[in-house]
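The chain contents come next:
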Amino acid sequence: MKAQWTILGFVFALALLQSCSESKFDFRHKYVGEFEVTGIFTINAYSPSETWGIVSTTTVDFAEDRQSLQFVTADWAINFEVSIDKHGVMHGPEGSTLAGRFTDKDHFDASAGGISPVGGYNAWTLHGVRK
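None of these values were measured; they are calculated from a predicted model. All residue numbers refer to positions counted from 1 along the written sequence of the respective chain. This being a predicted model, a pLDDT of at least 70 is required before a residue's local features are given, and a value of 80 or more before pairs of side-chain atoms are given or counted; all residues contribute to the totals for chains, interfaces and linings. Computation of side-chain values: all heavy atoms of the structure, hydrogens and water removed.

So, on to the nonpolar core. With 21 residues, the main nonpolar core has Phe71, Phe80, Trp124 and Leu126 as its most contacted residues. The way it works is that DSSP assigns letters per residue, a run of H or I at least four long becomes a helix, a run of E at least two long becomes a strand, and they are numbered from the N terminus. At the level of secondary structure, the elements contributing two or more residues to this core comprise β1 (33-43), β2 (50-62), β3 (69-73), β4 (80-84), β7 (107-115) and β8 (121-130). Contacts between residues were defined by any pair of non-hydrogen atoms, one from each residue, lying within 4.5 Å. Here Phe71 is in contact with Thr58, Thr59, Val60, Ile78, Asn79, Phe80, Val82, Met90, Phe102 and Phe108, once residues within four sequence places are set aside. By nonpolar core is meant a set of buried Ala, Val, Leu, Ile, Met, Phe, Trp, Tyr and Cys residues that side-chain atoms within 4.5 Å join together. Accessibility here uses a 1.4 Å probe with only protein chains present; expressed as a share of the type maximum, an area under 20% marks a residue as buried, one over 50% as exposed, and anything in between as partly exposed.

Okay, here's the thing in C-alpha cells:
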C-alpha cells in the first residue's frame, strides 16, 4: 500500500511540475496582452516617398511553437513573430531586419525595413502601449 501511495505522489508531482513549467513561470507572460500601437510606415519606391501613420490594437500572444511571441493586428498587415530574451529584447527571424524591445511590461518599440517588392525601400516603426 505504501508503494502505491509513493507512486501516486510521484505521478502527481510530475503532473504539477509539467503544468507549471510552461505557463506560470515563463518570463514572457508579462508581455502578453493587448496594446494600442502607433505605426509609421515609409515607402521609398515612388518619387516622392510616401509616409503615413496608423493607430490600431495589436494582440501579443505566444506563437504556436510556445518559444516565440506573435504580434497580430486585425486592421493592417503588420503581423510578425519574434523571439524575446529576459531583458525584453526582440529578435526577428534569421535574415530579418526586425529589431525591437519592451522597455517594460507595458511598452514596446519595434522597427524593420528592407527592399520593397516594387523597388526602392520600405520601413516601419511601431510603438505599443498596453491597453
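From this point, the narrative continues.
Our focus in this paragraph is the sheet that holds β2. One closed barrel accounts for eight strands, arranged β1-β2-β3-β4-β5-β6-β7-β8; its pairing is antiparallel. Looking at each pair of strands side by side, their axes are set apart by 30° on average, direction ignored. In the sheet, β1 pairs with β8 via nine bridges, with the strands oriented antiparallel. Bridge pairing links Phe41 to Trp124 in β8. Strand pairing is assigned whenever DSSP detects at least two bridges linking the two strands. To get an axis, a line is fitted to the C-alpha atoms, and for a helix only the part in contact is used. The angle between two axes follows their N-to-C directions and goes from 0 to 180 degrees.

Right, let's get into the packing of aromatic side chains. Whether two aromatic rings pair depends on their centres lying within 6.5 Å, for rings of Phe, Tyr and Trp, where Trp uses its six-membered ring; planes under 30 degrees apart make the pair stacked, over 60 edge-to-face, and the rest tilted. All told, the structure shown has nine aromatic pairs when counted by the stated rule. Relative to Trp52, the ring of Phe41 has its centre 5.8 Å away and its plane inclined at 20°; by these criteria the two rings are stacked. Here Phe41 is found in strand β1, whereas its partner Trp52 is found in strand β2, with 11 residues between them in sequence. Phe41 gets classed as buried once you look at its relative accessible area, which sits at 8%. The class of Trp52 is partly exposed, set by a relative accessible area of 35%. Site record: aromatic cluster; members linked through ring pairs are Tyr31, Phe35, Phe71, Phe80, Phe102, Phe108 and Trp124.

Chain-level statistics for the protein give a pLDDT mean of 81 and a share of 81% at 70 or above. The pLDDT value expresses, per residue, how confident the predictor is, ranging between 0 and 100. Confidence scores differ between elements of the protein, with helix α1 (residues 2-22) showing the lowest mean pLDDT of 48 and strand β6 (residues 99-104) the highest of 96.

Here the focus is the pattern of salt bridges. Salt-bridge detection follows one rule: a side-chain nitrogen of Lys or Arg within 4 Å of a carboxyl oxygen of Asp or Glu. By the definition in use, this model includes three salt bridges. For Asp26, the salt bridge is made with Arg28, and the minimal N-O distance between the two is 2.4 Å. Just as Asp26 is buried, Arg28 falls in that class too. Close ionic contact of Asp106 with Arg130 constitutes a salt bridge, the shortest N to O distance being 2.7 Å. Of this pair, Asp106 sits in the loop between β6 and β7 while Arg130 sits in strand β8; the two residues are 24 residues apart in sequence, bridging distant segments of the chain. Its relative accessible area of 23% is what places Arg130 among the partly exposed residues.

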